[in-house]
Amino acid sequence: MTRRLTVAQALVTFLAHQYTERDGRRQRLIDACWGIFGHGNVAGIGQALLESEGALPYLQGRNEQAMVHAAVGYARQRDRLAAHAVTTSIGPGATNLVTGAALATVNRLPVLLLPGDTFATRPADPVLQQLEPPGAGDVSVNDCLRPVSRYFDRITRPEALIPAALQAMRVLADPAETGAVTLALPQDVQTEAYDWPEEFFADRVWHVRRPAPDPAATADAAAAVRDARRPLIVAGGGVHHSEAEDALRALAEATGIPVASTQAGKGALRHDHPADVGGIGHTGTAVADELARTADVVIGVGTRYSDFTTASATLFAPGVRFVNLNITSFDAHKLAALPLVADARAGLQALTEGLAGYRIPASYESEYAAGKAAWEAEVERAFAVDDPGARPSQAQVLGALDAVVGDDDVIINAAGSLPGDLHKLWRARSRRQYHLEYGYSCMGYEIPAAIGVRLAAPDRPVWALVGDGTYLMMPTELVTAVQEGVAIKVVLIQNHGYASIGGLSEAVGGERFGTAYRYRAPDGTYSGDPLPVDLAANAASLGMDVLRARTAGELRTALAKARAADRPTCVYVETETADSVSGAPPAQAWWDVPVAETATRPAAVRARRDYERHAAARRRYLGT
């Protein structure tokens, strides 16, 4: 039996019949398709989505990169078990996907990209928006997506879709392989008809495995921990993706081992669990970083060990032993670790069994309990408001939000100075409350990701926290939220510039050059008055309900009103300017940003001396 359909119609029909299954729970793998149409996909994928009559729901976006961000937010909220597709035209529509694809792949999150491509049959050469490199006739702009995709194929013949589509689903559903998957679709091939075998359209279930660790490797890891006096767990995003929070809590409670978290792993334990010591690394807490400096065994669970986590290879002590539990061999072997290549939940359960009867010294538990209490006092200090009638600091904005949200709220952020403050200060109450995209730290992620998260969890209040720099990068999907009735809440913080990079610039001798949103001064620098932009008015013009909070007192009232709102709502608050952000404790560990080796300006000379002092502490972890 065969069915005659176009390539695009066949692909849409195929996607509507793909499922994942884990722990006996089955769900659609591709739940919807975002799309912006142009000549490269309107008559192919566009027509097929229309003809499917909702079998694969369609979502309209305004920016191709933002559509990928929304899809990534959706996939993360759904624990990588469900994803969205994104279709674009050829040319700029396709190249706009690249940043989003890199973000998805860096963060190990599934998204299916379906960019249009130039004609496979080349009836006219070049066609509109064709790159036309003179040395390669088979290259198009879609080849930009190759290095940022976990799987890439160009469908130049109808029958080639069958193996390519199956490979695409395999990668999307594989927890060790997942990321951006690209099927480039020449615009003529999309509309070409073919007789497809009916079996291609049968329901297909992709089992999401939970591989257990090798028993010998588990025994070696348990032995290393048993020999430790000061072990430390570093919880990464893999804990959440595997739904391993209960297994992590069981291990921590059985052994007393403290748990620090990366940006992706925060919330693996509730903030008030005795073993939770907060964020680790450059943006970590004082207690977690001090424990890291004195740990003799570090147990990494589902972490990539980015430079922020390791403080650019200066945080952990020489001679420390690493035990890495990760579903990917690549990550499990980092830092010359004892590798446990396994699902996070299965691995934690096996390690807990292997550590039966083991517990850290009582003095160590008392030490980190005291450090945790001291840091909580720092959080209270940063959140405290002495004058409700004054303009709030950024930390006080987070304190006001902390007082308003409940366990079900989701907080989304990605870039700027907010990630550092959040990692140090936020009190995560549930496993998916803290949603920081810090693998790629992409400005503009927050608003579209909030839409994706809200679509995945329609009953949870979802907050996008954005500074003015991030907002100006990509506010376009506010229109999508309004159109679709997706009641996200946006906290828009106006501080007139790039606060994070301004602070970094000052630290590395850059003197905040080019980081403020101000008029150009007579000396040629951007040091004049702040620009008279009204971002609240801009958000309102895009259809948002906007609440202006002029003081710390008004802010909490506005946040409570936004939380109760049933339509897209923005809370606008002006804090200190970008060159005076304060309130949060300073960095507790170093981050390696090279400084000019030769300079004449005193600030750069001083910064270089500091850099060389810190860089001398870098080390290689080579195991024993």
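The following refers to the structure shown. No experiment lies behind these values; they were computed from the predicted model shown.

Conventions used here
- Residues numbered from 1 in each chain as written.
- Predicted model: local features only at pLDDT ≥ 70, side-chain atom pairs only at ≥ 80, totals over all residues.
- Heavy atoms only, no water.
- Pairing = 2+ DSSP bridges.
- Helix = DSSP H or I, 4+ residues; strand = E, 2+ residues; numbered from the N terminus.
- Axes fitted to C-alpha atoms, helices over the stretch in contact; angles between N-to-C directions.
- Contact = heavy atoms within 4.5 Å.
- Disulfide = S-S within 2.5 Å.

## Remarks on the sheet that holds strand β2 (residues 18–22)
Taken in spatial order, the three strands of this open sheet run β3-β2-β11, and their pairing is mixed. Strand pairing shows two members of the sheet lacking a second neighbour, β3 (25–28) and β11 (204–207), which therefore form its edges. For this sheet, the mean angle separating the axes of adjacent strands, direction not counted, is 30°. Pairing of β2 with β11, which is carried by four bridges, proceeds in the parallel orientation. Bridge pairing in β11 links Y19 to V205. Taken strand by strand, helix α6 (residues 161–173) contacts β2 and β11, and its axis lies near 40° from that of β11.

## Quick word on the sheet that holds strand β18 (residues 410–413)
Pairing within the open sheet is parallel, and its six strands lie in the order β19-β18-β20-β21-β23-β22. At either margin of the open sheet sits one strand with a lone partner, and together these are β19 (434–436) and β22 (545–549). Strand-to-strand twist in this sheet, taken as the mean axis angle between neighbours without regard to direction, amounts to 20°. The sheet contact formed by strand β21 (residues 489–494) and strand β23 (residues 569–574) spans six bridges and is parallel. In the sheet register, K489 faces β23, and the bridge partner there is T569. The strands that helix α17 (residues 418–425) touches are β18, β19, β20 (462–467) and β21; relative to β19, the one it contacts most, it runs at about 150°.

## So, the state of the cysteines
Taken as a whole and judged by the stated rule, the model has zero disulfides. C144 takes part in no disulfide bond, and the closest cysteine sulfur, belonging to C442, lies 16 Å away.

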